[in-house]
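# Examining the three-dimensional arrangement
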Amino acid sequence: MKSLLELQDIYLNYKTENSLVEVIKGVNLKINSGENVAVVGKSGSGKTSLIMLIAGLEKVTSGKIIFEDQDISAYSEDELADLRKRKIGIVFQSFYLIPNYTALENVSLVLEINKIENAQKKSAELLDQFGLKDRLNHFPSQLSGGEQQRVAIARSIILSPKLILADEPSGNLDSENSKLIIQLLFKYSKQNNSSLILVTHDQSIAKECDKIIEIKDGKII
Amino acid sequence: MEKLFNFQDFKYAIRDLTRSYKKISTIIFTLFISLFVLSVILSLEYSLKKELNANAKILLGGDFEINTRNEKVDDQYFKKIEKFGIISSTVEFSTMLTNSTRSDAKTFFIRLKAIDQKYPLYGDVQSFPDKALSLLQTTKNSIVVNRKIFETLKLKVNDTVYIKQTPFKVVGYIESVPDLGRALLFGDFAVVSTNSFLNLNINTLGSFINYEYRVKLNNENINFKQEVENLTKNYPSYSVRYPENSSNNLKKLIDNFSQFLSLVSISAMLIAGIGIANTLISFINQKNISIAIMKSLGFTTSTIKKIFYFEIFTLLTIISLLAYLLAILSVPIVNAYLVKTLGIAVQSEFIIQNFIKVFLSGFLVVSIFCLPTISAIQQIKPTSLFRNVFQPCEFYFTKKNISLIILAIISLILLFAFDSKKPFYTIMYFLVFFIICLTLYGLSKLIIFYLRKINFIKFLPLRLAVKNITNPKTIFPITVLSLGLGVTLLLSLTLIGYNFKKEVQKSIPEIAPDYFFVSIQNTEKDEFVKYLKNNDKNAVIETMPIVSATLTKINKKDPLSYIKQNNDSFWVLERDRRISWSNTPPKDNPITEGNWFDANNKSLQISLDAKVAKDLNIKLNDSLTLKIYGREIEGKVTSLRKVDYRDLSINFVMLINPSFAANIPHEYIATAKFKNLPDFKEGAFLQKFKNISTIKVSDYLGKVTEIINKIFIAVIIISSIAVIIGLTVISSAVIVQARLSVYQNLIFKILGINSSNLILASIIEFLISFLSIIFIAVIFSIGVSYFVIEAIFKLNWSLEIINSSFVLLFIGTVTIILILLNNYKFLSPKVYPLVRNE
Ligand SMILES: Nc1ncnc2c1ncn2[C@@H]1O[C@H](COP(=O)(O)OP(=O)(O)O)[C@@H](O)[C@H]1O
Ligand SMILES: [Mg+2]
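Now for a description of the structure that goes with this document. In this text the structure is predicted, and so the values were computed from the model without any measurement.

Time to look at the overall build of chain A. Summing up its helical and strand segments, chain A has seven helices and 10 strands in all. Over its C-alpha trace chain A gives a radius of gyration of 17 Å, about what one expects of a compact globule, namely 17 Å for 221 residues. Counting only C-alpha atoms and orienting by the principal axes, one finds that chain A spans roughly 50 × 45 × 35 Å. Counting every position in chain A, which comprises 221 residues, the buried fraction comes to 55%. Taking contacts inside chain A between residues at least 6 apart in sequence as the whole, the part at least 24 apart equals 71%. For chain A, the accessible area works out to roughly 10,000 Å², and carbon and sulfur atoms hold 45% of it. Distance between charge centroids for chain A: 3 Å, based on 27 positive and 29 negative side chains.

Right, dumping it as structure tokens:
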């Protein structure tokens, strides 16, 4: 299978006032198209940092990130934004919907900025499939945590991105909602042939993935 | 390269605007008020000038006017002019009107206008009864007085009033006349027919009667100007006035006034800008999650910035349009007042240039303050979404930003300097404004710097106050800046207004005489003085001979051919002037150049007002030609004097040598200051001297003061808006800060610090800001008002404490009340909801 993403010996350091924190220390990783990868590890081990690097939200200190044969670590901020816009979906632990946009608007925004027609209609259909038919015109503050996260997942997959990044998406949810969310992620990433990188603490969820990577002190073990 | 205008982005901007306009209500309010005021000023200026131009013929009274400089027109010339159209000749004359011939008669100093049957050529006379004007022509010895005289004397139609002891039958009263004569603007007047006027048998030397000749063309389209000019060439002392040069002084006044008020309103707008920046940055901070999410979804920073710019400029467009439309609608309200005071009715209309100016001012001010604010979006990191920590962002200055801001400031200054009649003052105004801004801002930073160094304060509220001021998110600089500018502006205007009024009033008790007497005949002069001395032996009486003279040539050239109407001393050439002579220089007219008259030289020597000499470019030893009783005499300028017309004593532009003047027939003018003013009875005086007119100085000054008061009130109202905007800015800043400190207040509450301590702390915090503001505001307003009074108006400045303190106290009280009200709901937060939500 052709690899979608390749991390080549990447390092990430944070400079604080008087010290240098090495967060990622030489990670090498290959992820194929359509592949599911679970990322596990203790809190503070560097999982989120890794996700941010892949999303192009953080710059590597050294090393290369190859996405679809392009070295995106050399991209400018605007090029990275464009890449995210078209090819990467992100799901956060704390959902993060735009507060003064309705559920429908939060999802259709992704289609609109990619100039895809019938954005509202397509978004409404997907939210319907997610069991949110009656919630389309609700604002995030009027939705439960589980509902908010379903909207967030709909937002991340509606464009059939090449890559979905999910950082502990069920971390703030009860077990029932948590299961529902993860199933949605698996189902739709498979259906769209999207690769999925899923950070989780839940061993049972990790086991369902094609591959499990464990991070410790900024390194893969 | 992204497209500059993207409909999609615009849609997001509108969506966001419609959902969060409440959070930016301060922006909406302050922008609206300041744009509204500017719109009102510009619309009024435009409408007034338009009205003056449209009614120019009515105001002039004809298609053209022959200015004979106060001579009766030459008969031959008159016949030639008659071919162009109808001529209306009127005569104006200052005299006394009384309600009886007894010694206790009530008297009025009036302008008497004698009209022929053709008057008015244009416009209407508003009178009661409507046909009063025609009654005037048909009823023998009849008169129409102005409404005020009619009401004050409780006159009825067919009552009798007297002029020079001659009875006139009142046939009605006049509300307004179409040609706004200079004297009619705020003086009393009466109208008689030309025939009745002849019956008055005015036996003065004819020097102070104004003859006016207005012409209404038979055929509007003929190219009459050239012909009239050619005809008039043969009469060098005559000139022709056209409608477009009528009411020039009024236009000048409107220009100056509206320019000044526009500058005040732009200051208000700049103060609003401070609030806009502060509100906008807190708005962006409230939206940081949305912004971070958008960035994570693939929006570039520049796209997000663009959305915010769309938002603010859409808002600006709507607000400026609304403000302008509302201003147009409110012009009729002001109109009612204008009709009363100026007799001019204005109409409002939408003028695209004015709207553009309003919009551009708003655009530039908003740009100045939004550039560093919206650029702060740069600082919002989408990585916060992973870590759940959001740093509030701060004003963001890049080189590009700073140069754009400077460009916007320059454009703003140019926008106002461009169509200003006095660009220098406009630029000065902005310069001073920005210097005050910088000083206030610098002072606030200095205070913060020193307060940070103070460590041990025992008194808890004081400690809290100092903590608040030195806190990194402090609103101290904003408070100092916005309130400081408003207070400085208001205080400066208070001081200017006070000094103005004082200067006018102070001349009454000290130097100014109680009465002016005019038209004293040569033959009755001694008797006149004797009468006054008998009346009050301590009376100080000054008499000066006068004769009417017209300055027709300067160095043998007609000055009207090269001196423009906008020359400050044009009035000297416009009509005849009263000139006098004296053996010694007047004691309050110091000679600045040359020597007093050579008594042995019998040829004409002239001593001229130094300021006029400078304006008209006349030097010592230049030749001036004066026309006296129709004879042109050439003389030499032998001295220049500094003349101060404000002291209301007898002042003359030109004085001539007594050795030359000795044989000229002349009248006298006199001033008198009585020891015991009430002993002087005008009625009794007029019984004896029916040709002499008396002017009571305090009456005259009362009218001037009344007008100055009205102007003063208008100026204060407009400048108060700067303070209101300043207060709004502070309120919103306080709310923003209070919201941030809810959590802190909660902790204080848990720690057992009660809210009275917190209230005391806010009061102390306010006092520290306010005292520093007062310090700066007082210094600058003293400087500014001193400059305006001494340098521009050349008056004497002095400090006024009571009104100034009142202004400061009032603003201070209102501010502290506002601050406490805005703080109050955040002072005692409920513990539970906060603990639960964290
Ligand atoms: N901006 C930062 N500056 C310094 N250290 C940081 C910064 N962000 C994260 N870290 C450190 O990097 C390490 C990895 O963090 P993170 O990637 O969030 O771990 P995880 O997601 O596995 O819990 C932590 O030790 C954290 O303290
Ligand atoms: Mg993490």
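The subject of this paragraph is the overall build of chain B. Of the regular secondary structure elements, chain B holds 27 helices and 20 strands. Residues counted as buried form 54% of the 838 residues belonging to chain B. Restricting to contacts in chain B with at least 6 residues of sequence separation, those with at least 24 account for 82%. Carbon and sulfur atoms make up 61% of the accessible area of chain B, which amounts to about 39,300 Å² in all. Within chain B, the 62 negative side-chain charges are centred at a point lying 10 Å from the centre of the 93 positive side-chain charges.

What follows is about unusual backbone geometry. Between Tyr119 of chain B and Pro120 of chain B the backbone carries a cis peptide bond, its omega angle lying at -10 degrees. Relative to the assigned elements, Pro120 of chain B resides in the loop between strand E3 (107-115) and strand E4 (126-128). Each neighbour pair has its own omega, and for Phe128 of chain B with Pro129 of chain B the value is -10 degrees, a cis peptide bond. Its location among the elements puts Pro129 of chain B in the loop between E4 and helix H5 (132-138). The phi dihedral of Asp69 of chain A falls on the positive side, at around 65 degrees, and the residue is not glycine. Following the sequence through the fold, Asp69 of chain A ends up in the loop between strand E4 (62-67) and strand E5 (70-71). Phi is positive for Asn158 of chain B, which is not a glycine, with a value near 80 degrees. Among the secondary structure elements, Asn158 of chain B is positioned in the loop between helix H6 (147-152) and strand E6 (160-163). The exposure class of Asn158 of chain B is partly exposed, given its relative accessible area of 48%.

Glancing now at the site of ligand 1. Near ligand 1, the surroundings consist of Tyr14, Thr16, Val23, Lys42, Ser43, Gly44, Ser45, Gly46, Lys47, Thr48 and Ser49 of chain A together with Arg387 of chain B. Around ligand 1 the close residues trace back to chains A and B. At a separation of 2.5 Å, an oxygen atom of ligand 1 approaches a polar side-chain atom of Arg387 of chain B. Coverage of ligand 1 by the protein chains reaches 67% of its 570 Å² of free accessible surface. The biggest single contributor to the shell around ligand 1 is helix H1 (residues 47-54) of chain A, with three residues. Class assignment for the residues of the shell around ligand 1 results in two nonpolar, seven polar and three charged.

Across the boundary between the two partners, chain B contributes 28 residues, which contact 32 residues of chain A. Buried surface at the junction of chain B and chain A, summed over both partners, amounts to about 2,500 Å²; 58% is from carbon and sulfur atoms. Considering only the surface of chain B that becomes buried against chain A, Arg19, Leu297 and Phe386 of chain B emerge as the three largest contributors, covering 27% of it. Between Arg19 of chain B and Glu105 of chain A there is a salt bridge, with its nearest N and O atoms 2.6 Å apart.

Residue and element names in this part refer to chain A. Spatial strand order, E2-E1-E4-E5: four strands in an open sheet with antiparallel pairing. Looking along the sheet, the strands with just one partner apiece sit at the ends: strand E2 (20-32) and E5. Note that E4 and E5 share two bridges and pair antiparallel. Within the sheet, the bridge partner assigned to Ile66 lies in E5 and is Asp71. Most of the contacts of H1 go to strand E1 (residues 3-15), to which it runs at about 120 degrees, and overall it touches E1, E2 and E4.

Definitions and cut-offs
Residues numbered from 1 in each chain as written. Chains lettered and ligands numbered in written order. Predicted model: local features only at pLDDT ≥ 70, side-chain atom pairs only at ≥ 80, totals over all residues. Heavy atoms only, no water. Helix = DSSP H or I, 4+ residues; strand = E, 2+ residues; numbered from the N terminus. Rg over C-alpha atoms; globule rule 2.2 N^0.38 Å. Buried < 20%, exposed > 50% of the residue type's maximum accessible area, 1.4 Å probe, protein only. Contact = heavy atoms within 4.5 Å. Areas by Shrake-Rupley, 256 points an atom, 1.4 Å probe, with all protein chains shown as cover. Lys, Arg positive; Asp, Glu negative; His and termini not counted. Charge placed at Lys NZ, Arg CZ, Asp CG, Glu CD. Near = heavy atom within 4 Å. Polar contact = N/O pair within 3.5 Å; in protein donor to acceptor, adjacent residues only side chain to side chain. Nonpolar A, V, L, I, M, F, W, Y, C, P; charged D, E, K, R; others polar. Buried area = accessible area lost by both parts, 1.4 Å probe. Salt bridge = Lys/Arg side-chain N within 4 Å of Asp/Glu carboxyl O. Pairing = 2+ DSSP bridges. Axes fitted to C-alpha atoms, helices over the stretch in contact; angles between N-to-C directions.

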